[in-house]
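A closer look at the structure
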Amino acid sequence: MLRNPDEVNKRQHTTHLYANDHLIVRRGQEFQLKVTFDRPYKPSDDQFAVEFVIGGSPQFSKGTYIPVSVASDRQSPWAGRVLDSADNVVTVGITPAPDCIVGKWRTYVAVVTPYGIRRTRQDESRDVYILFNPWAAADSVFLDDSNEREECVLNEVGVIYHGAFDDVSERPWNFGQFDYGVLDACLFIMDKAAMPITNRGDPIKVARKASAMLNSRDDDGVLVGSWSGDYTYGVAPTSWTGSTEILLNYSSSKMPVCYAQCWVYAAVFNTFLRCLGIPGRVVTNFFSSHDNDGNLKTDIILDENGRIDKQRTKDSIWNYHCWNECYMSRPDLPQGFGGWQAVDATPQETSDGMYRCGPASVQAIKHGQICFPFDAPFVFAEVNSDVVFYSRNPRDGTLEPVKVNSSHVGRMVVTKAPGQDTRRDITDQYKFPEGSPEERTVLEKAEEYGCQREKAILTEADVELDMPLIEVRVGDDFELKLEFNNKSGQARTGDVYVSGNVVYYTGVNSSEFLFKTPKKKVIQVRSQDYMRKLVEQANLHFIATGKVKETGPGPTLIPSLLILAGSSLTWTESFNPRREGPTKLMASLDCAALRQVYGQAQLTVMP
């Protein structure tokens, strides 16, 4: 099978990094096999074929049984030829079709004899993995940018970005797509989903199925999500540093692994994509909208006192949200909408009855073509929706818009730069600059497909209220300052309410710790008020609402953020590296009182 890492096949197919003893090749590209007969091969007299079989009931018509003849006068679905013949050994070249099924194939040699066809017995050591091929122009995942391909297929370690758009933090991650057992685990995910074998050559269907299977919500998929802060029966999401343990645990136990949040879903999904040969990368969207009701707006409903109405407010804005992009052609869409596709395994909303999202063309999202599959409206809302604040009338329940912010959502989208440990801003791949003519055209196009923007004429406020963004150390008392700007030239009086809430990074309120009608322009916030209500990755959001008595409704403004502090310690650990060369060492510190402490070091493993 010429399956060793230093032999011709794995080197030419760039599969030599897989910790797997079987032959691993990529479709649409020739690989070699050596067949040993009991006598020299005579092309004029002898007829033989190499047969490839996948699945439980292989059929030629379904592409699950492929006989490859080496004779020039016989047509085969895959190309075959004799490369060399010496004594009893024949070297055969096999080129799988560029759209063939991806998975683990069984291999046989069939010989035509006077007594009928005779074939070799099944031997597991002759099984061959055939993967997607981003190096082959005829493959639908072909990526012609060599630097991007190197990063998004072959790089085993990466950086995931989180935090806030003006204070970005980094989290190292070991994708481990070449680690022992990971390839089988990725194929097991498709088996567990009962995905038809015939669909496994289509990267669109593979990515869509994986986006459902990476979460456990409706199919016993890989990861159980939890944002509760209680991880007694599993591993805290902030503790994971790589995908390998998660995937191996899932494939061995056949049970979902606890626990994940958005970056864990995205990181493991990335491993799945790269392992099978689909170029993949993790992206982070800062101030990411979760449009719960599908109206492509983020609706924040306030009661008459200015508090967020938790019962009626279903939409939220995540400080950051991680998803994936995978690279492929989209023959099901008009020309120009191939390339990077957004996919998301974090279970937010159902799509066709299951918790999944994508693949959605990033180009389609940028140009407002949200009619195209799959789930383009949801992703469009994540980066483009207006934040609309409504005041609810307690008498009849009617909603009156009091403020619209059209530039808050999708503040910045980033991913790791190819070949470097630096981030790349790819916001312009999702949207045109705020306020540009192109952006207005896109919004008009999106409106054609149901994106209804708030067009109510809001009462112009002649008094502006602002709360400067501040950073405080956890556990400190601090002052919240209110700044009023009266632009009317006349005296103004008003009622102001300030609400302080502990908020998860997903934008969901945990609890209110402050509600005041301030008599002064400075509010004292005591640590004892918020400390006992903090949750992990917490923010303190302050919302001020006010009504000028002389003119009516005024603006609603957010937020002020609490940036948690960290600390350090020393630890000694022993391990054996798997192979020599440059690599990274990653570590995490995790406990209920202190999450998000990570570190990494670049090192070289010597022989």
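Small disclaimer: the values here were computed from a predicted structure and weren't measured.

**Brief notes about the overall build of the chain**
Scanning the chain for helices and strands turns up eleven helices and 34 strands. Expressed along its principal axes, the backbone C-alpha trace of the chain runs to roughly 105 × 60 × 35 Å. For the chain, with 607 residues in total, the buried portion stands at 51%. Sequence-distant contacts, at least 24 apart, represent 65% of the contacts inside the chain between residues at least 6 apart.

**Brief notes about unusual backbone geometry**
Omega for the bond connecting C258 with Y259 falls within 30 degrees of zero, at 5°, which places this linkage in the cis form. Here Y259 is to be found in strand β13 (residues 257-260). Residue P359 is bonded to the preceding G358 through a cis peptide linkage, with omega at 5°. Of note, P359 is situated in strand β20 (residues 357-361).

**Digging into the sheet that holds strand β22 (residues 399-405)**
Each strand in a sheet pairs with another by means of backbone hydrogen bonds, the pair being arranged parallel or else antiparallel. Taken in spatial order, the three strands of this open sheet run β15-β21-β22, and their pairing is mixed. Single-partner strands in this sheet number two, and they are β15 (297-302) and β22. Pairs of neighbouring strands in the sheet enclose a mean axial angle of 30°, with direction left out of account. Judged from the six bridges that link them, β15 and strand β21 (residues 386-392) form a sheet pairing that is parallel. Each bridged residue has a counterpart across the sheet, and for L302 the counterpart in β21 is S391.

**Quick word on the pairing of strand β9 (residues 128-131)**
Neither face of β9 is left uncovered, since the one carrying V128 and I130 and the one carrying Y129 and L131 both have all their residues buried. Of the strand pairs in this sheet, strand β1 (residues 23-26) and β9 are connected by four bridges, and their pairing is parallel. Considered in β9, the bridge of V25 is made with I130. With three bridges joining them, strand β7 (residues 103-113) and β9 adopt antiparallel strand pairing. Among the inter-strand pairings, K104 is bridged to a residue of β9, identified as Y129.

**Focus: the UniProt feature "active site" (unreviewed entry) in the chain**
Under the UniProt annotation, "active site" (unreviewed entry) lies at C262, H321 and D344. Across 83 residues of sequence, these annotated residues stay compact in space, with a maximum C-alpha separation of 10.0 Å. In this structure, H321 sits in strand β16 (residues 316-328). Using a relative accessible area of 0% as the deciding quantity, one classes H321 as buried. Topologically, D344 is positioned in strand β17 (residues 339-344). D344 gets classed as buried once you look at its relative accessible area, which sits at 3%. Here the side chain of D344 touches Q348 through a polar contact of 3.4 Å, side chain to side chain.

**Some details on the UniProt feature "binding site: Ca(2+)" (unreviewed entry) in the chain**
The positions that UniProt labels "binding site: Ca(2+)" (unreviewed entry) are, in the present scheme, N384, D386, E434 and E439. Spanning 56 residues, the named residues form one tight spatial group whose C-alpha atoms are at most 13.1 Å apart. Residue classification places N384 among the buried residues on the basis of a relative accessible area of 6%. Along the chain, E439 falls in helix α10 (residues 437-448). Excluding residues within four positions of it along the chain, E439 makes contact with F432, P433 and E434.

**Looking at the packing of aromatic side chains**
One pass over the full model with this rule turns up 22 aromatic pairs. Relative to Y505, the ring of W263 has its centre 6.2 Å away and its plane inclined at 55°; by these criteria the two rings are tilted. Note that W263 is positioned in helix α6 (residues 262-276) and Y505 in the loop between β28 (494-503) and β29 (509-516), a separation of 242 residues in sequence. Judged by relative accessible area, which is 0%, W263 ranks as buried. Among the aromatic residues, those joined into a cluster by ring pairs are W227, W263, W318, Y320 and Y505. Stacked on the ring of F188, the Lys or Arg K254 has its end atom at 5.2 Å from the ring centre. Against the face of F165 rests R411, its NZ or CZ located 4.6 Å from the ring centre.

**Observations regarding the state of the cysteines**
Considering all chains together, one arrives at zero disulfides under this definition. Not engaged in a disulfide, the cysteine C275 finds its nearest cysteine sulfur in C186; these two sulfurs lie 4.0 Å apart. Free of any disulfide, C326 has its nearest neighbouring cysteine sulfur in C152, separated by 11 Å.

**Some words on empty space enclosed by the protein**
Within the structure shown, the criterion is met by three cavities of 30 Å³ or more. Empty space within the largest cavity amounts to approximately 80 Å³. Considering the residues around the largest cavity, the lining is formed by E148, E151, C152, G158, V159, F175, N270, R274, R281, V282, T415 and K416. Ranked by the residues each element gives to the lining of the largest cavity, the list is headed by helix α2 (residues 146-154), at three residues. When grouped by side-chain class, the residues that make up the lining of the largest cavity number four nonpolar, three polar and five charged. As a volume, the second largest cavity reaches approximately 40 Å³. Around the second largest cavity, the lining residues are Y18, A19, N20, F178, D179, Y180, G181, V182, L183 and D184. The class makeup of the residues in the lining of the second largest cavity is six nonpolar, two polar and two charged. Three or more residues apiece are contributed to the lining of the second largest cavity by two domains, here domain 1 (8-131) and domain 2 (146-449).

**Quick notes on the confidence of the model for the chain**
Of all residues in the chain, 93% have pLDDT values of 70 or greater, and the mean over the chain is 89. Low confidence marks residues 554-564, where pLDDT is under 50. Its contacts with residues over four positions away, or in another chain, come to 55 contacts.

**Considerations on the packing of helix α3 (residues 182-192) against helix α5 (residues 244-253)**
Viewed as axis vectors pointing N to C, α3 and α5 meet at an angle of 50°, and their least axial separation amounts to 9 Å. Considering the angle they form, α3 stands oblique to α5. Two packed elements cross with a definite hand, and for α3 against α5 that hand is left-handed. Contacts between α3 and α5 involve V182, A185, C186, F188, I189 and K192 from the first element and T244, L247, L248, Y250 and S251 from the second. Broken down by class, the residue content of the contact of α3 with α5 amounts to eight nonpolar, two polar and one charged.

Definitions and cut-offs
Residues numbered from 1 in each chain as written. Predicted model: local features only at pLDDT ≥ 70, side-chain atom pairs only at ≥ 80, totals over all residues. Heavy atoms only, no water. Helix = DSSP H or I, 4+ residues; strand = E, 2+ residues; numbered from the N terminus. Buried < 20%, exposed > 50% of the residue type's maximum accessible area, 1.4 Å probe, protein only. Contact = heavy atoms within 4.5 Å. Pairing = 2+ DSSP bridges. Axes fitted to C-alpha atoms, helices over the stretch in contact; angles between N-to-C directions. UniProt positions renumbered as here; feature names shortened; annotations may be inferred. Polar contact = N/O pair within 3.5 Å; in protein donor to acceptor, adjacent residues only side chain to side chain. Phe/Tyr/Trp six-rings, centres within 6.5 Å; stacked < 30°, edge-to-face > 60°. Lys NZ or Arg CZ within 6 Å of the ring centre and 35° of its normal. Disulfide = S-S within 2.5 Å. 1 Å grid on protein atoms, 1.4 Å probe; cavity = no way out; pocket = protein on both sides within 12 Å on 5 of 7 lines; lining within 4 Å. Points joined across faces, edges and corners; volume = space filled by probe spheres on them. Nonpolar A, V, L, I, M, F, W, Y, C, P; charged D, E, K, R; others polar. Domains from an automatic or database assignment. pLDDT = per-residue confidence, 0-100. Parallel < 35°, antiparallel > 145°, perpendicular 65-115°, else oblique. Left-handed = near helix turned anticlockwise from the far one by under 90°.

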